[in-house]
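Working through the structure, step by step
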Amino acid sequence: MLFLATAETTIDKLKRVPPEFWWKVGLVVFCLIVAVAILQKVAHMNKIVLTIIVFVVVTVVGFNWIYERNEPAFLTPLIDKVAPFLPSKGSYGAKQQQTPGGK
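Residues numbered from 1 in each chain as written. Predicted model: local features only at pLDDT ≥ 70, side-chain atom pairs only at ≥ 80, totals over all residues. Heavy atoms only, no water.

**A look at the overall build of the protein chain**
- When helices and strands are counted, the protein chain shows six helices and zero strands.
- Each helix and strand of the protein chain, ordered N terminal to C terminal, gives the series α-α-α-α-α-α.
- Scored against the burial criterion, the 103 residues of the protein chain give a buried share of 5%.
- Of the roughly 9,300 Å² of accessible surface on the protein chain, a fraction of 73% belongs to carbon and sulfur atoms. (Helix = DSSP H or I, 4+ residues; strand = E, 2+ residues; numbered from the N terminus. Buried < 20%, exposed > 50% of the residue type's maximum accessible area, 1.4 Å probe, protein only. Areas by Shrake-Rupley, 256 points an atom, 1.4 Å probe, with all protein chains shown as cover.)

Written out as structure tokens, the structure is:
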């Protein structure tokens, strides 16, 4: 009987959870609902327009990762192979430091 009197209930544990956590949970649930609604709209979209939109988004994000070098760790080997062919954030400053004619 003493064990039941000292046991913490689930309600007591939930009361100790900070409000910021509940805001974040609510935001995640809201984002999931919006994502499902968007995916339902995309399913009825013209596939060519959808392909163009996805291509533009992937290209912009990819170029930003290459320029800023802030890609996810698992993509670093791929970005390392592509990055020499495209400008990066530090490349312009390094070229400006060189003397004209390469001397």
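**Observations concerning the side chain of Glu-71**
- The topology assignment puts Glu-71 in the loop between helix 4 (47–68) and helix 5 (76–82).
- The class for Glu-71 is buried, based on a relative accessible area of 12%.
- A polar contact of 3.1 Å, which involves the side chain of Glu-71, links it to the side chain of Arg-69.
- At 3.2 Å, the side chain of Glu-71 forms a polar contact with the side chain of Thr-76.
- If we ignore the near neighbours within four places in the chain, the residues touching Glu-71 are Trp-65, Thr-76 and Ile-79. (Polar contact = N/O pair within 3.5 Å; in protein donor to acceptor, adjacent residues only side chain to side chain. Contact = heavy atoms within 4.5 Å.)

**Topic: helix 4**
- Helix length check: helix 4, at 22 residues, gives a terminal C-alpha distance of 31 Å against a target of 32 Å (1.5 Å per residue), a fit within 8%.
- Regarding helix 4, its N-cap is Asn-46, as a side-chain oxygen of that residue lies 3.1 Å from the backbone nitrogen of Ile-48 further along.
- Of the residues one or two after helix 4, Arg-69 is the one with positive phi, at around 55°. (Expected span 1.5 Å × (residues − 1).)

**Details of a nonpolar patch on the surface**
- Together, Leu-14, Phe-21, Trp-22, Val-25, Val-29 and Ile-33 make up an exposed nonpolar region whose accessible area comes to about 540 Å².
- With five residues, helix 3 (residues 19–43) is the single largest residue contributor to the nonpolar patch.
- Structurally, the position occupied by Ile-33 is in helix 3.
- Using a relative accessible area of 55% as the deciding quantity, one classes Ile-33 as exposed. (Patch = residues over 30% accessible without salt bridge, like charges linked within 9 Å, V, L, I, M, F, W, Y side chains within 5 Å. Salt bridge = Lys/Arg side-chain N within 4 Å of Asp/Glu carboxyl O.)

**As for the environment of Phe-85**
- Here Phe-85 lies in the loop between helix 5 and helix 6 (91–97).
- Along the primary structure Phe-85 and Ile-66 are separated by 19 residues, whereas in three dimensions their C-alpha atoms are 10.0 Å apart.

**Remarks on unusual backbone geometry**
- Positive phi, normally seen in glycine, also occurs at Arg-69, with a value near 55°.
- Along the chain, the position of Arg-69 falls in the loop between helix 4 and helix 5.

**What to know about the pattern of salt bridges**
- Under the criterion given, the structure shown has three salt bridges.
- Taking the shortest distance from any N to any O, the salt bridge between Arg-69 and Glu-71 comes out at 3.1 Å.
- Classification of Arg-69 as partly exposed rests on a relative accessible area of 35%.
- A salt bridge links Asp-80 to Arg-69; the nearest nitrogen and oxygen atoms lie 2.6 Å apart. Here Asp-80 is found in helix 5, whereas its partner Arg-69 is found in the loop between helix 4 and helix 5, with eleven residues between them in sequence.

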